[in-house]
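The primary structure of each chain is shown beneath.
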Amino acid sequence: DGGITQSPKYLFRKEGQNVTLSCEQNLNHDAMYWYRQDPGQGLRLIYYSQIVNDFQKGDIAEGYSVSREKKESFPLTVTSAQKNPTAFYLCASSPGTGFDSGANVLTFGAGSRLTVL
Amino acid sequence: DAKTTQPTSMDCAEGRAANLPCNHSTISGNEYVYWYRQIHSQGPQYIIHGLKNNETNEMASLIITEDRKSSTLILPHATLRDTAVYYCIVRGFNAGKSTFGDGTTLTVKP
């Protein structure tokens, strides 16, 4: 079945350490996204990528970095510069951003929960 | 993308219709309305989307006002499994960003 796989599901990190969250999709989607969700709140966009080797900052990109070397993969690195990294991280993809409204339908992964000790 | 406003929470009796409103008064002509829901600690799930005509699928119906400034998601026969946070967002063509607000927490009660 096609979908989005995020790993790890749970991750613990010591302060000052970088950590990388994996996101892989086999949907042949062009666009991929990373969101952060804090308890009781909505989703905030960290980074997004509309095509391989290109990505843009979202609303809360500080302290995070991404790469898009392959269409299927969009890993997120939470750096030590992120002041409050404990959160639920969600990866999503969409077919593209074309003129078909269906191109903008997002498919989400199951999420990765990061806890900083 | 236009901003949306939703009530923080709503209750619904099991078996009754759940009507979830969303205001998007700054929506522009090429922006669609999308609805998602998130069951606790899971990734959001797509429900339905529309431009200006009413839409229906196996999960829900979407009613968009004629001026397109608001919409209502209708779950015709709510079940306990429909308890979730429901998000309304608007997106246009070539829209890289999708901004989610805090959504509406729907609680379906027996």
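One can find the structure itself at the top, above this paragraph.
This structure is a prediction, so every number in the text was calculated from the model and none was measured.

## Side note on unusual backbone geometry
The step from A:Ser7 to A:Pro8 runs through a cis peptide bond, and the omega angle for that step is -5°. Structurally, A:Pro8 can be placed in the loop between strand S1 (4–7) and strand S2 (10–13). In this model, A:Asn53 sits at a positive phi of 65°, which is unusual for a non-glycine residue. Mapped onto the fold, A:Asn53 is located in the loop between strand S5 (43–51) and strand S6 (54–57). One non-glycine residue, B:Ser41, lies in the positive phi region at around 65°. On the accessibility criterion, B:Ser41 (34% relative accessible area) is partly exposed.

## Quick notes on the pattern of salt bridges
Across all of its chains, the model carries 5 salt bridges over all chains by this definition. A:Asp30 is the salt-bridge partner of A:Lys71, the closest N and O atoms lying 3.3 Å from each other. Of the two residues, A:Lys71 sits in the loop between strand S7 (64–66) and strand S8 (76–78) while A:Asp30 sits in the loop between strand S3 (19–25) and strand S4 (31–37), which places them 41 residues apart along the sequence. For A:Asp30, a relative accessible area of 35% gives the class partly exposed. For B:Arg37, the salt bridge is made with B:Asp82, and the minimal N-O distance between the two is 2.8 Å. Here the residue B:Arg37 occupies a position in strand S3 (residues 32–38), and B:Asp82 occupies one in the loop between strand S7 (70–75) and strand S8 (84–91), the gap between them amounting to 45 residues. Judged by its relative accessible area of 12%, B:Asp82 falls in the buried class.

## A word on the sheet that holds strand S4 (residues 45–50) of chain B
Residue and element names in this part refer to chain B. Strand order in the open sheet formed by 5 strands is S1-S9-S8-S3-S4, with mixed pairing between adjacent strands. What marks the edges here is a single partner per strand, and that holds for strand S1 (9–13) and S4. Adjacent strand axes in the sheet meet at a mean angle of 25° when their direction is disregarded. As defined by bridge partners, S1 adjoins strand S9 (residues 104–109) across 5 bridges and the pair is classed as parallel. Bridging across to S9, Cys-12 finds its partner in Val-108.

## Section: the pairing of S2(A)
Residues and elements named next belong to chain A. Only one face of S2 is buried, namely the one carrying Leu-11 and Arg-13, since none of Tyr-10 and Phe-12 on the opposite face is buried. Where S2 and strand S11 (residues 112–116) come together, 4 bridges link them in parallel fashion. Following the sheet pairing, Arg-13 is matched in S11 by Val-116.

## Points about the interface of chain A and chain B
Accessible area lost upon the coming together of the parts serves often as the stated size of an interface. Of the residues lining the interface, 26 residues belong to chain A; the matching set on chain B comes to 23 residues. Between chain A and chain B lies a buried interface of about 1900 Å² when both sides are counted; carbon and sulfur atoms form 51% of it. Looking only at chain A, the three residues that lose the most surface to chain B are A:Leu43, A:Ser101 and A:Asn104, adding up to 26% of its buried area. In this structure, the connection of chain A to chain B is made through 0 salt bridges. One can count 7 residue pairs in polar contact (both at pLDDT 80 or more) joining chain A with chain B. Looking at which element gives the most residues to the side of chain A that touches chain B, the answer is S5(A), with 4 residues. Of the residues belonging to the side of chain A that touches chain B, the class tally is 12 nonpolar, 11 polar and 3 charged.

Quick notes on the rules
- Residues numbered from 1 in each chain as written.
- Chains lettered and ligands numbered in written order.
- Predicted model: local features only at pLDDT ≥ 70, side-chain atom pairs only at ≥ 80, totals over all residues.
- Heavy atoms only, no water.
- Helix = DSSP H or I, 4+ residues; strand = E, 2+ residues; numbered from the N terminus.
- Buried < 20%, exposed > 50% of the residue type's maximum accessible area, 1.4 Å probe, protein only.
- Salt bridge = Lys/Arg side-chain N within 4 Å of Asp/Glu carboxyl O.
- Pairing = 2+ DSSP bridges.
- Axes fitted to C-alpha atoms, helices over the stretch in contact; angles between N-to-C directions.
- Contact = heavy atoms within 4.5 Å.
- Buried area = accessible area lost by both parts, 1.4 Å probe.
- Polar contact = N/O pair within 3.5 Å; in protein donor to acceptor, adjacent residues only side chain to side chain.
- Nonpolar A, V, L, I, M, F, W, Y, C, P; charged D, E, K, R; others polar.

By themselves, these observations are geometric and do not establish any function.
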